[in-house]
Structure formats: C-alpha cells, structure tokens
Amino acid sequence: MLKICVLVSGGGTNLQAIIDRIADNTITNTEICGVISNNHGAYALERAKNSGIPARCISPKDYESRDVFNAALLDGINEMKPDLVVLAGFLVSITPDIIRQYNGRIINIHPSLIPSFCGKGYYGLHVHEAVLARGVKVTGATVHFVDEGMDTGPIIMQKAVEVQSDDTPEILQRRVMEQAEWIILPAAINNIANGKVSIVDGKAVVVS
Ligand code: GAR
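Residues numbered from 1 in each chain as written. Predicted model: local features only at pLDDT ≥ 70, side-chain atom pairs only at ≥ 80, totals over all residues. Heavy atoms only, no water.

## What to know about the packing of helix α1 (residues 13-23) against helix α2 (residues 43-50)
What counts is decided by this rule: Where helices are involved, their axes are fitted lines through C-alpha atoms of the stretch in contact, as for all axes, and angles between N-to-C directions lie from 0 to 180°. For the purposes of this entry, the term helix denotes a DSSP run of H or I that reaches at least four residues, the term strand denotes a run of E that reaches at least two, and both are numbered from the N terminus. Comment on the angle field: the value is read as roughly parallel under 35 degrees, roughly antiparallel over 145, roughly perpendicular from 65 to 115, and oblique elsewhere. Crossing chirality is assigned from the near helix's rotation relative to the far helix, an anticlockwise turn below a right angle marking it left-handed and a clockwise turn marking it right-handed. The contact rule is simple, with two residues in contact once any of their heavy atoms fall within 4.5 Å. Each residue is assigned to one class: nonpolar for Ala, Val, Leu, Ile, Met, Phe, Trp, Tyr, Cys and Pro, charged for Asp, Glu, Lys and Arg, and polar for all the others, Gly among them.
α2 packs onto α1 with a crossing angle of 15° between their chain directions and a minimal axis gap of 9 Å. When the interaxial angle is binned, α1 and α2 end up roughly parallel. As α1 packs across α2, the resulting crossing turns out to be right-handed. When α1 is examined against α2, the residues Thr13, Leu15, Gln16 and Ile19 are found in contact with a partner set consisting of Ala44, Arg47 and Ala48. When grouped by side-chain class, the residues that make up the contact of α1 with α2 number four nonpolar, two polar and one charged.

## Observations regarding the sheet that holds strand β3 (residues 55-57)
The test is simple: Only strands joined by at least two bridges in the DSSP assignment are considered to pair.
Strand order in the open sheet formed by seven strands is β3-β2-β1-β4-β5-β6-β7, with mixed pairing between adjacent strands. Sheet topology places β3 and β7 (155-162) at the edges, where each strand pairs with a single neighbour. Each strand of the sheet is rotated relative to its neighbour by a mean of 20°, with strand direction disregarded. Judged from the seven bridges that link them, strand β1 (residues 2-8) and strand β2 (residues 30-37) form a sheet pairing that is parallel.

## Examining the site of the ligand
Rule in force here: The cutoff for a nearby residue is simple: one of its non-hydrogen atoms must lie within 4 Å of the molecule or strand. Distance and chemistry together define a polar contact, namely a pair of N or O atoms within 3.5 Å, with one atom able to donate a hydrogen and the other to accept it when in protein, and with adjacent residues in sequence counting only for side-chain atoms on both sides. What sets the accessible areas is the Shrake-Rupley method with a 1.4 Å probe; for residues, cover comes only from the shown protein chains.
Surveying the vicinity of the ligand reveals 15 residues, the closest of which are Gly12, Thr13, Asn14, Gly124 and Glu181. A distance of 2.8 Å separates an oxygen atom of the ligand from a polar atom in the backbone of Gly124. Notes on the ligand: free accessible area 450 Å², of which the protein chains cover 91%. Put simply, the parts of the chain that give the shell around the ligand at least two residues each are α1, β5 (106-110) and α6 (169-193).

## Thoughts on the packing of aromatic side chains
The test is simple: Here is the rule: rings of Phe, Tyr and Trp (six-membered ring for Trp) pair when centre to centre is within 6.5 Å. Planes less than 30 degrees apart are stacked, more than 60 are edge-to-face, and the remainder are tilted. Only protein chains enter the area calculation, which uses a 1.4 Å probe; residues under 20% of their type maximum are buried, those over 50% are exposed, and those in between are partly exposed.
Inspection of every chain in the model, using the stated rule, returns two aromatic pairs. For the pair Tyr63 and Phe69, a centre-to-centre distance of 6.3 Å together with 50° between the ring planes defines the contact as tilted. Owing to a relative accessible area of 26%, Tyr63 belongs among the partly exposed residues under this scheme. Taking 6.2 Å as the distance between ring centres and 75° as the angle between the ring planes, the aromatic pair formed by Phe117 and Tyr122 counts as edge-to-face. The partly exposed category is assigned to Tyr122, whose relative accessible area is 31%.

## A short note on the side chain of Arg47
Short version of the rule: The charge count treats Lys and Arg as positive and Asp and Glu as negative. His and the chain ends do not count. Note on definitions: salt bridges are taken to be side-chain nitrogens of Lys or Arg within 4 Å of carboxyl oxygens of Asp or Glu.
Positionally, Arg47 belongs in helix α2. As a buried residue without a salt bridge, Arg47 has its nearest oppositely charged side chain in Asp20, at a separation of 6.9 Å. What Arg47 contacts, discounting residues up to four positions off in sequence, is Gly11, Gly12, Thr13, Leu15, Gln16 and Ile19.

## A look at unusual backbone geometry
The amide bond that connects Ile114 to the next residue, Pro115, takes the cis arrangement and shows omega of 15°. Summarising the element assignment, Pro115 is placed in the loop between β5 and α5 (125-134). Phi at Asn25 is positive, roughly 65°, even though this residue is not glycine. When you line up the elements, Asn25 lands in the loop between α1 and β2. For Lys81, which is not glycine, the phi torsion reads 50° and is therefore positive. Inspection of the secondary structure puts Lys81 in the loop between α3 (66-80) and β4 (84-87). By relative accessible area, which is 59% here, Lys81 ends up exposed.

In structure tokens, the structure reads:
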C-alpha cells in the first residue's frame, strides 16, 4: 500500500480527483495518509476533512522565519510517514532538505506542457495567461518528479489540451484541469503505486 501525503495551497480540485479515483478504484494500492496546506483558508483542507483524511495547516505566517517554517513543514511531512509526497497545487518552494530526504519520492502537477510555461513565476492562473498571451494553440499538463530545480525533474506523464480562440485564462484553466490534470495526476499515482514507474538515465519510464 503506497501511503501518500498531499500538499495543497488552494481549492484542492486535484486532491479531490485523487480522493475520488481511490474511492472508485481507478487508483489502487494507495492510501492518503494526510494533507498539509500552507494556507489556513484553503478549501482543500475542507475536502480532506469531509473525506475523513487527517489534514493540517503549516503556514509560514505562524513561524518567526522561513527556515523555521521549512523545518516545521519537513517535520509535518515526516510525521505522516509517507512513501510519496504529492504536490497538488502546492505553491510554496520545496527546500533542498526536503528534496534530499524524499529523493525520487516527490511528484508535482504543473498546468502546462513542460518545458513550456514553467519555472519562476509560472504557477496557477499565470500559466494560462502566458499561454494566451503567446498565442499557442496547444497546452496541457505535466506530472513530474521534483528535483532541486524549478519544474525540471523527470517527466512522468503529460496530456495535451487545445486552446480555443475565445478562451479566457479561467476557461482555459478549467479545461486543462478537466481534460488533463484530473486524469494524469491520479494515473501517475496509480502507476507509481503499482511499481510501473522507474527512472532510467535521468528520465522517468512508465511501463504499461
Ligand atoms: C492546478 O492547476 C495546478 O496544476 C497548479 O495549481 C492549481 C491548483 O488547483 N499548480 C501549479 O501551478 C504549480 N506550479 P487545485 O488546488 O484546484 O488542485
């Protein structure tokens, strides 16, 4: 049984997709051992509680410095004893300390086709604003392992989504979630839980 700890910052629709796909057995061999938010007001915390999943907030606002917050975050993750840490809309940078301790055991969902529209400043709605500003016709989402760079770790799964000429950032964000994120994040977790993902020569390989 793969124990996953899900880190969230906001609405938690990706968390909900994981909860729902475990419930309907699309994801197997997996249990959510806890949810951590950096944001007291995150609706994702309610979603966790509604499903009986242990949830807590570890906010930088409650600590005297960033270092103390980062240490508390690492402690909070360790207390849940996860096999895998899932960043599902977690908009805080993960420190090298955490990455070292969970090397190859942290994954992230990003709302574009990496390496496009990723890295510093590209998160949430900003990604979709940049996609529309550039006028690309195809975007999508990516699930990748987290390494010490920003959005640079081995890519596990990607799914493309068409951009429509009358899209707003909000409409495009919703389509990318529905057609890509809520599908590939659960699928990636299921593949990891069932031993189908390995890293070969720095690249993630998924066996079908
Ligand atoms: C999602 O679109 C996710 O891909 C994005 O934040 C949103 C969270 O939504 N993550 C990033 O931009 C990370 N760079 P949710 O809280 O409803 O799952």
